[in-house]
Amino acid sequence: MTDLADLLKADNQQPARSIHLIEAKGFDAWLAAQPAPARAIVSAQKFRGKAGEQAILPGSGADDWSVVAGVADKEALGPWCLARLAETLPEGSYRLAEGSIGAAGLGWLTGQYRFDRYRSDDMPAGPRVLLTGDVARVDQTVQLAKAVALVRDLVNTPAADMGPPDLEKATESVAKSFGATVTVTRGDALEQGYPMIHAVGKAADKVFAPRLIELDWGDPAHPRLALVGKGICFDSGGLDIKPSSGMRLMKKDMGGAAHALALAELVMAARLPVRLHLLIAAAENAISGNAFRPGDILRTRKGLSVEIGNTDAEGRLVLGDALTRAGEDKPDLIIDFATLTGAARVALGPDLPALFANDEALAAQIATAGTEVDDPTWRLPLWDGYADMLKSDVADINNAGEGGFAGSITAALFLKRFVPDDTPWLHLDTFAWRPSPRPGRPKGGEALGLRAVFRLLQQRYGRGG
C-alpha cells in the first residue's frame, strides 16, 4: 500500500486537477452557469449535487478535465466528505478549487487503505494525492490515518499470523520508533503474577503462549496514563465452544489491543506530556486437554477468586489481571479497549462502541470529543444494581452474568472490581469491525472510538489539536 504520507501534501502550485464542491441546494444555479457541453455531460452522469455524488467536467483540451462533487456543507467538511473521491478517481494529484479540506483529509487517506498482504494484484490502483494549503494540519491528519491503518492491519490479519508473539512484535515495532521500552511477562512468571491471563491462554500451542506485553514511555514526572487492550488473538470459546458462525470473525478478538497500541502510537507521536503505560493481555482461547473449565475457580492478581461460569467470557478475565497491574502504579487515568460482548452489539450495532465510565466529568468530555471528530461513542450505565448477577456461591465473583440480561453492563461491572476506586476509568466495548463498506471505511477491521479518545487525551493533557 502507498505510504499515507505521500497522499496528502502541501500545495506549492504543482500541477493538479481541480475539485469543485457544491451543495444540492445550489445545484440548479451552478448548472445554469455552466456551458452547454458541461451541462450535457453532467446530465449524462446523473449528477444532481447530492452529498456523495460526483461527475467529471470537460475542459478545453483533450486531457483537460476537473471534478465536481456534492457535499452536505462545503463550509464545514467532515472526515468522510471526500472519501468516495479518493476511492474512485483516477490516480493523480487534486486540489479543491476553493476552500479548505479541513477534517476531510482523513477520509481521503483512509479511503485509499487496502489490506493487500495476501493478494496478488496485477492492476493495483495508483495513488490519488490531495494538495492542501493547510500545511499545519497535514502531519496530524497523516498520524491519525496511520493509526487507523494500524488497527485495520492488525485486526484483518488472520490468527495464524497474529498470535501473541506477533502482537509482541507489533508493540516492539511501535516502541522502537519512539524510544519506548517493552517488557514481556510469560511462562512461570505469568502463571504466578497474572494467573487469569495464564489460565485463558494455557491451552494454546506453545508457539502462541499467553503473555502480558507492557510498553513504557515518557517523563516519570508527568501524569501516568494507562492504556489496556484485550489481546485475545483467537477465541474458540474454549470448552464452551462457539458455533462456526460465531467463530468466523474471531481473528478480530484482539481488536482492543490493536486500538490500545494505535492510541499509544498517537500519544507518543504527539509527545503528550504523560507517562504512558500500555498493557496488552495477549492469549489465544483454545481447546486442549489442559483448557480451563466451566466451574473452575481461578486466582487473580488482585487476590479475588473467580468462578468460571462460561469459558467464552474470557476477555474480562485477561483484562482483570491487566487492569490490576495498571492500577498498581496509581495512574491519573485508565482506559481499556476490548471487543468484549455481543450484548453491546445487540444494543448499539456495529458502529457505536459502548462506553462505561466511573467519572461523570470524564464521560461528558469523551462524548463531546467524539462529536467533535465524528467518532461517536454511546454511554451505557455502570449500574451497581446488576452486580448481584455476578454473585458466586463458591467464589468472590462469577465471570458470567445470570439469565443473559445486561451482558455488556455486567461485563463492565466485572472489570470495575479490578480498577482502583479512586482512579478515573473509561471502558470501551468496541466491535473493531465494519460489516459493510462506507466511503473511507472499507469492510473489515476498523478503528471505532480511537479518535474520540485521542481527542480527549489531547484536551486533558494540554496539547489539543
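Each remark here, short or long, concerns the structure printed above.
Reading guide: rules and limits
Residues numbered from 1 in each chain as written. Predicted model: local features only at pLDDT ≥ 70, side-chain atom pairs only at ≥ 80, totals over all residues. Heavy atoms only, no water. Pairing = 2+ DSSP bridges. Helix = DSSP H or I, 4+ residues; strand = E, 2+ residues; numbered from the N terminus. Buried < 20%, exposed > 50% of the residue type's maximum accessible area, 1.4 Å probe, protein only. Expected span 1.5 Å × (residues − 1). Contact = heavy atoms within 4.5 Å. Axes fitted to C-alpha atoms, helices over the stretch in contact; angles between N-to-C directions. 1 Å grid on protein atoms, 1.4 Å probe; cavity = no way out; pocket = protein on both sides within 12 Å on 5 of 7 lines; lining within 4 Å. Points joined across faces, edges and corners; volume = space filled by probe spheres on them. Nonpolar A, V, L, I, M, F, W, Y, C, P; charged D, E, K, R; others polar.

*Asks:* Before we go on, may I ask you to explain the sheet that holds strand β11 (residues 297–298) in this structure?
*Replies:* Within a sheet, each strand pairs with its neighbour through backbone hydrogen bonds, oriented either parallel or antiparallel. One open sheet accounts for three strands, arranged β11-β12-β16; its pairing is mixed. The open sheet is flanked by β11 and β16 (397–398), the only strands paired with a single partner. Relative to strand β12 (residues 306–307), β11 is paired through two bridges, and the arrangement is antiparallel. Of the residues in β12, the one forming a bridge with Ile-297 is Glu-307.

*Asks:* Explanation requested: the pairing of strand β10 (residues 275–285) in the structure shown.
*Replies:* Every other side chain in a regular strand lies on the same face of the sheet, so the side chains alternate between the two faces. Taking burial as the measure, the 11 residues of β10 include 10 buried ones, the bulk of the element. Note that strand β8 (residues 211–217) and β10 share seven bridges and pair antiparallel. Within β10, the residue paired with Leu-212 across the bridge is Ala-281. As judged from the 11 bridges shared by strand β9 (residues 224–235) and β10, these two strands associate in the parallel manner.

*Asks:* For this particular structure, what's the right way to read unusual backbone geometry?
*Replies:* Residues other than glycine predominantly adopt negative phi, and peptide bonds predominantly adopt the trans conformation. Its identity as a non-glycine residue notwithstanding, Gln-13 has a phi of 65°, on the positive side. By secondary structure assignment, the location of Gln-13 is in the loop between β1 (8–10) and β2 (17–22). The exposure class assigned to Gln-13 is exposed, which follows from its relative accessible area of 65%.

*Asks:* Just checking my understanding: could you explain helix α5 (residues 138–156) for this structure?
*Replies:* Helical periodicity: at 3.6 residues per turn, an α-helix aligns residues three or four positions apart in one direction. In this model, α5 (19 residues) spans 27 Å end to end at C-alpha, consistent with the 27 Å of a helix rising 1.5 Å per residue. Most of α5 is tucked away, with 14 of its 19 residues classed as buried.

*Asks:* Please explain the pairing of strand β3 (residues 54–58) as it appears in this structure.
*Replies:* Burial along β3 is one-sided: Ala-55 and Leu-57 are buried, while Gln-54, Ile-56 and Pro-58, pointing the other way, are not. Where β3 meets strand β4 (residues 65–70), five bridges bridge the pair, whose relative direction is antiparallel. From the neighbouring strand, Ile-56 faces β4, where its bridge partner is Val-67. The antiparallel pairing of β3 with β4 creates a hairpin that spans six residues between the two strands.

*Asks:* What's the story with the sheet that holds β8 in this structure? I'm lost.
*Replies:* If you trace the eight strands from one edge of the open sheet to the other, you get β7-β8-β10-β9-β13-β17-β14-β15, paired in mixed fashion. Whereas interior strands pair on both sides, the edge strands pair on one side only; in this sheet they are β7 (181–186) and β15 (378–379). Pairing geometry for strand β14 (residues 354–357) and β15, over two bridges, is parallel. Across the sheet, the residue bridging to Leu-355 is Arg-379, located in β15. Lying over the sheet, helix α6 (residues 164–178) contacts β7, β8, β9 and β10, oriented at roughly 5° with respect to β8. Packing against the sheet, helix α15 (residues 450–460) makes contact with β9, β13 (333–338) and β17 (425–429), and its axis sits at approximately 170° to β13.

*Asks:* So what exactly am I meant to see when it comes to the layout of surface pockets here?
*Replies:* Left-over empty space is what a probe sized like a water molecule reveals as it rolls over the atoms. Within this model, the largest pocket holds a volume of roughly 570 Å³. The wall of the largest pocket is formed by 32 residues, among which Asp-312, Leu-340, Thr-341, Gly-342 and Ala-343 lie closest to the centre. At three residues, the largest contribution of residues to the lining of the largest pocket is made by helix α12 (residues 342–348). Taken together, the residues of the lining of the largest pocket sort by class into eight nonpolar, 12 polar and 12 charged. Quantified by volume, the second largest pocket comes out at close to 440 Å³. Residues that form the lining of the second largest pocket fall into these classes: eight nonpolar, five polar and seven charged.

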